[in-house]
Amino acid sequence: MNKAYSRINWENYPSDATPINKVNLNRLDSATDILDDRVITLDTTKATKTEVATLVSDVTFEELTGIITITKKNGSKVTIDTQMEKIAVNFDYDPTTEQIMLTLIDGTKQYIDLSALITQYEFLDTDTVAFTIGTDGKVSAVVKEGSIEEKHLEPNYLAKIKVEAAKAETSRADAAASATKAESYAVGGTGSREGEDSDNAKYYYQQAKDVSEGLKGGLQPHGTCAFADLPALADVNAGWMFNISDEFTTTDDFKEGSGNVIPAGANIYKTSDGKWDVLAGTPVTGVKGAKEAAYRRGNVSLSAADVGAVAGEGDASATTVIFSAAAERANITTGEKLSALFSKIAKWLSDLKPVAFSGSYDDLSNKPTIPANTWRPVQDNLASSSTTDSLSANQGRLLANGSARDNTKMPVTGGTFTGPIGFARAVGFANSTWNPVGDDCYIGDFNAAGCVAFKSMSSQLTGIALVGAGSNMYGRLLVQNDGGDMYLATNGAFYVSNGNNSARAPIYASAFTQSSSRRVKKNIEDMTDEEAKKLLHVEVKSYDYINPDMPDGCFGCIAEDMAKIIPSCVNGDVDCADDDAAAIQGIGIDYSKLVPHLIKMVQIQQAQIDAQQEQINNLASQIL
């Protein structure tokens, strides 16, 4: 008997060399057809009714329970509980016992006895019948010449033969129905049951293939390094990704070619065709002050002029103020802007009569009548403490033109003023000028659009300090003077809130980079499987925030629950008092710290998938 089917030798993974396509499926279909012909031949050449009675007359499958019921011709039934309500993660075949051993996801095992499904036949010659097997593999039965005697014939034997033929036709129809059902569960598309196109072996295979290929093609982070320390292309595998800490220029090893300047913080990876490639969108676009017209990249130093800073104290002698005389005379008050102060002063000066500048008695109008014997001594200085003497016109002239003032009085124009000043209106700073504030800082206009500029007088960091009512410094925004990085320094946590400070607001950026160099770490060890599998105990919840300013319909984890499983990713004191609102606001989960657990779990599951795929291939080769 010739073989009805030749092995395809399926690959260990989804492959174009052994696809599930029309050609391979037709080969299976053709082999099934040949086997079906052989079964029909065996059925038509059965020896006795007792033997025929052991054949299968019907096969039913209960989708809800996964039980297969096999009904034989003699009415006996064999049931096989496939337990399809459980998911099988592995299987093995015992050729000795002829059993398939299924390993379920809960670790239990199920055994299927193949001998209950297959009946073996042995054709032996009798005194009257001889059996032969042709070159096509078909079994033929012939009556031995001269062996049929009268005793071998029964009355009405022709009628009995017709009855048996009808039964054979019924068996053929049942077999066709079983073949249709088998095809439905294999590839679908028969129209014999609802949902078969998404509930068949081919569909589940494609799902497994998609997951396998998705895991196989992922990028593998390999840390941060300087461009000069980047390993050679020949020493890394495709998919390895590196974060470059400094600005660099591409070489011929890059897909985009050489000569392109890439900012610091970019991520690059090795492609499948052996080139470096830069991941798009990793570096920040740039930084600029409100008074600057264009963004700058790299280590940017923002000066006071860049951000349009306005001095709050100190030397404002170089400040340009635009004002006009007030309509009415009014006294100056603390807290007013320079323009308001000078507007009032200009009104007072414009209303002064000529005598105020000449000091001549002849310039007086409405001169009073001076009674006799009332003349008082005249003091020509400003040092006298007399309460009865008069001040000379000369001293009045000096007071009018400002030459008698010292640096404790506000000058009309020029000079230096010390002490606090209240600004009620805007103060103008000339472009590219710096005005001292205190003893270590300048304020000015650095042509940064819309920004006040600050600059340090020394080599220290330049920045803005936020000071509380108790003169305690709570935070600083700092930049290095020579084009260095920008820092946000705070004594506590850093929050981003909405306009009324009642809820958290989102933060947008191209990338958030954590310090991860091997050179800043110690006690480096591989994560254990037990640590990674803690993720399996994490419960994901849906929830709404109590605060009406926070969004509803959120998904995530509960910090108090997470602290019991993976406490390293929880910030804040989860055991604080229920009425400690400030401490409760500081409790949160750093989801980025769960990424190492996720990476380790993917590696564990991929190893399991590879091992199971190898077992499946070995079992398939044994069965075929």
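Keep in mind that what you see is a predicted model, and the values were worked out from it rather than measured. (Residues numbered from 1 in each chain as written. Predicted model: local features only at pLDDT ≥ 70, side-chain atom pairs only at ≥ 80, totals over all residues. Heavy atoms only, no water.)

## Notes on the overall build of the protein chain
What counts here: Helix numbers and strand numbers start at the N terminus; a helix is a DSSP run of H or I with at least 4 residues, a strand a run of E with at least 2. Here's how the labels work: a residue is buried when its accessible area is under 20% of the maximum for its type, exposed when over 50%, partly exposed in between, all with a 1.4 Å probe on protein chains only. What makes two residues a contact is simply this: any of their non-hydrogen atoms within 4.5 Å. Only the protein chains shown count as cover for residues, with accessible areas throughout obtained via the Shrake-Rupley method and a probe of 1.4 Å.
What the protein chain contains, in helices and strands, is twelve helices and 28 strands. Counting only residues that meet the buried cut, the protein chain has 22% of its 624 residues in that class. In the protein chain, the proportion of contacts linking residues at least 24 apart, taken out of those at least 6 apart, comes to 37%. Working note: accessible area of the protein chain is about 41600 Å², and carbon and sulfur atoms make up 54% of it.

## Remarks on the nonpolar core
The condition that has to hold: Think of a nonpolar core as a cluster: buried Ala, Val, Leu, Ile, Met, Phe, Trp, Tyr and Cys residues, connected wherever their side-chain atoms sit within 4.5 Å.
In terms of nonpolar packing, the biggest core is built from 16 residues, with Leu-535, Val-538, Met-562, Ile-566, Cys-569, Ile-589 and Leu-594 touching the most fellow members. Broken down by secondary-structure element, the contributors of at least two residues to this core are α10 (559–565) and α12 (595–623). The dominant element in this core, judged by the number of residues it contributes, is α10, at three residues. Once you skip the residues sitting within four places of it in the chain, Ile-566 turns out to touch Glu-531, Lys-534, Leu-535, Val-538, Leu-594 and His-597. Ranked by size, the runner-up nonpolar core spans 14 residues in total, among them Leu-233, Trp-240, Ile-244 and Ile-268.

## Overview of the pattern of salt bridges
The test is simple: In what follows, salt bridge is the name for a side-chain nitrogen of Lys or Arg lying within 4 Å of a carboxyl oxygen of Asp or Glu.
Per the stated rule, a full pass over the model turns up nine salt bridges. Where Asp-351 meets Arg-329, a salt bridge forms, and the shortest distance between an N and an O atom there is 2.5 Å. Residue Asp-351 is located in helix α6 (residues 338–351), and its partner Arg-329 is located in the loop between β15 (319–320) and α6; the two are separated by 22 residues in the primary sequence. For Arg-329, a relative accessible area of 48% corresponds to the partly exposed category.

## Notes on the sheet that holds strand β21 (residues 453–456)
Spelled out, the test is: Strands pair, by our definition, only if DSSP identifies at least two bridges between them. Note on definitions: angles span 0 to 180 degrees between N-to-C directions of axes, and those axes are lines fitted to C-alpha atoms, for helices only across the stretch in contact.
Reading across from one edge, β19-β20-β21 is the order of the three strands in this open sheet, with antiparallel pairing throughout. Edge positions in the sheet fall to β19 (433–437) and β21, since each has one partner strand and no second. Within this sheet the neighbouring strands show an average axis-to-axis angle of 35 degrees, counted without direction. Bridge analysis of strand β20 (residues 441–445) against β21 gives four bridges, and the strand direction is antiparallel. By the bridge assignment for β21, Gly-444 is matched with Ala-453.

## A few points about the environment of Arg-476
Structurally, the position occupied by Arg-476 is in strand β23 (residues 473–479). In this structure, the C-alpha to C-alpha distance between Arg-476 and Ala-489, residues 13 residues apart in sequence, is 5.1 Å.

## Some thoughts on the sheet that holds strand β14 (residues 276–278)
Within a sheet, neighbouring strands are paired by backbone hydrogen bonds and run either parallel or antiparallel to one another. Taken in spatial order, the four strands of this open sheet run β9-β10-β13-β14, and their pairing is mixed. Pairing within the sheet leaves two strands with one partner each, and these edge strands are β9 (220–225) and β14. The sheet shows a mean angle of 30 degrees between the axes of neighbouring strands, direction not considered. As judged from the three bridges shared by strand β10 (residues 240–244) and strand β13 (residues 267–270), these two strands associate in the antiparallel manner. Opposite Phe-242, over in β13, you have Ile-268 as the bridge partner.

## Description of a nonpolar patch on the surface
Condition: Candidate patch residues must exceed 30% relative accessible area and have no salt bridge, after which like charges are joined if within 9 Å and Val, Leu, Ile, Met, Phe, Trp or Tyr side chains if within 5 Å.
Taken together, the side chains of Ile-464, Leu-466, Leu-477, Met-486, Leu-488, Phe-494, Ile-507 and Phe-512 present a nonpolar region at the surface, about 830 Å² in accessible area. Elements represented by at least two residues in the nonpolar patch include exactly β22 (462–467) and β24 (486–490). Locating Leu-466 in the fold gives a position in strand β22.

## Re α12
One full turn of an α-helix is made of 3.6 residues, so residues set three or four places apart face in the same direction. Keep this limit in mind: Here the expected span of a helix is defined as 1.5 Å times the quantity of residues minus one.
Over its 29 residues, α12 extends 42 Å from the first C-alpha to the last, a length consistent with the 42 Å expected when each residue adds 1.5 Å. Within α12, burial applies to His-597, Lys-600, Met-601, Ile-604, Gln-606, Asn-617 and Leu-619.

## Digging into the side chain of Lys-270
How we decide: Residues scored as charged are limited to Lys and Arg (positive) and Asp and Glu (negative), so that His and the chain ends carry no count.
Relative to the helices and strands, Lys-270 is located in strand β13. As a buried residue without a salt bridge, Lys-270 has its nearest oppositely charged side chain in Asp-235, at a separation of 8.4 Å. Apart from the residues within four sequence positions on either side, Lys-270 is in contact with Leu-233, Val-236, Asn-237, Ala-238, Gly-239, Trp-240, Lys-275 and Trp-276.

## Focus on α6
Its 14 residues place the ends of α6 20 Å apart at the C-alpha level, agreeing with the 20 Å of an ideal helix rising 1.5 Å per residue. Within α6 the residues assigned to the buried category are Leu-338, Ser-339, Ala-340, Leu-341, Phe-342, Ser-343, Lys-344 and Lys-347.

## Thoughts on the confidence of the model for the protein chain
Cut-off, in case you're wondering: pLDDT is defined as a per-residue confidence score from the predictor, taking values between 0 and 100.
When pLDDT is averaged along the protein chain, the result is 78, and 75% of the positions lie at 70 or above. For the stretch residues 407–414, pLDDT sits under 50, and the model shows 14 contacts to residues farther than four places along the chain or on other chains.

## Points about the side chain of Lys-344
The condition that has to hold: What qualifies as a polar contact is a pair of N or O atoms within 3.5 Å, subject to a donor-acceptor requirement within protein and to the restriction that residues adjacent in sequence count only when both atoms come from side chains.
On the secondary structure map, Lys-344 appears in helix α6. Overall, the relative accessible area of 14% leaves Lys-344 in the buried class. A distance of 2.6 Å separates the side chain of Lys-344 from the side chain of Glu-336, its partner in a polar contact. Leave out the neighbours within four places in its chain, and Lys-344 touches Ala-326, Ala-330, Asn-331, Ile-332, Thr-333 and Glu-336.

## A short note on unusual backbone geometry
The phi angle at Asn-523 is positive, at roughly 55 degrees, despite the residue not being glycine. By the element assignment, Asn-523 lies in the loop between β24 and α9 (529–532). What makes Asn-523 exposed here is its relative accessible area of 68%.

## As for the state of the cysteines
Selection criterion: Cysteine sulfur atoms are paired as a disulfide whenever they come within 2.5 Å of each other.
By the definition in use, this model includes zero disulfides. Cys-557 takes part in no disulfide bond, and the closest cysteine sulfur, belonging to Cys-569, lies 8.0 Å away. On the basis of relative accessibility, which here comes to 14%, the residue Cys-557 falls in the buried class.

## With respect to a negative patch on the surface
Condition: Think of each charge as sitting on NZ of Lys, CZ of Arg, CG of Asp or CD of Glu.
A cluster of acidic residues, Glu-560, Asp-561, Asp-573, Asp-575, Asp-578, Asp-579 and Asp-580, forms a negative patch on the protein surface. Turning to its location among the elements, Asp-575 is positioned in the loop between β27 (570–571) and α11 (581–585). Overall, Asp-575 belongs to the exposed group, its relative accessible area being 68%.

## A few points about the environment of Val-278
Secondary-structure assignment places Val-278 in strand β14. Assessed through its relative accessible area of 19%, Val-278 is described here as buried. Separated by 16 residues in the primary sequence, Val-278 and Ile-262 have C-alpha atoms spaced 8.6 Å apart. Each residue touching Val-278, except ones within four places of it in the same chain, is listed here: Phe-254, Glu-256, Ile-262, Ala-266, Asn-267 and Ile-268.

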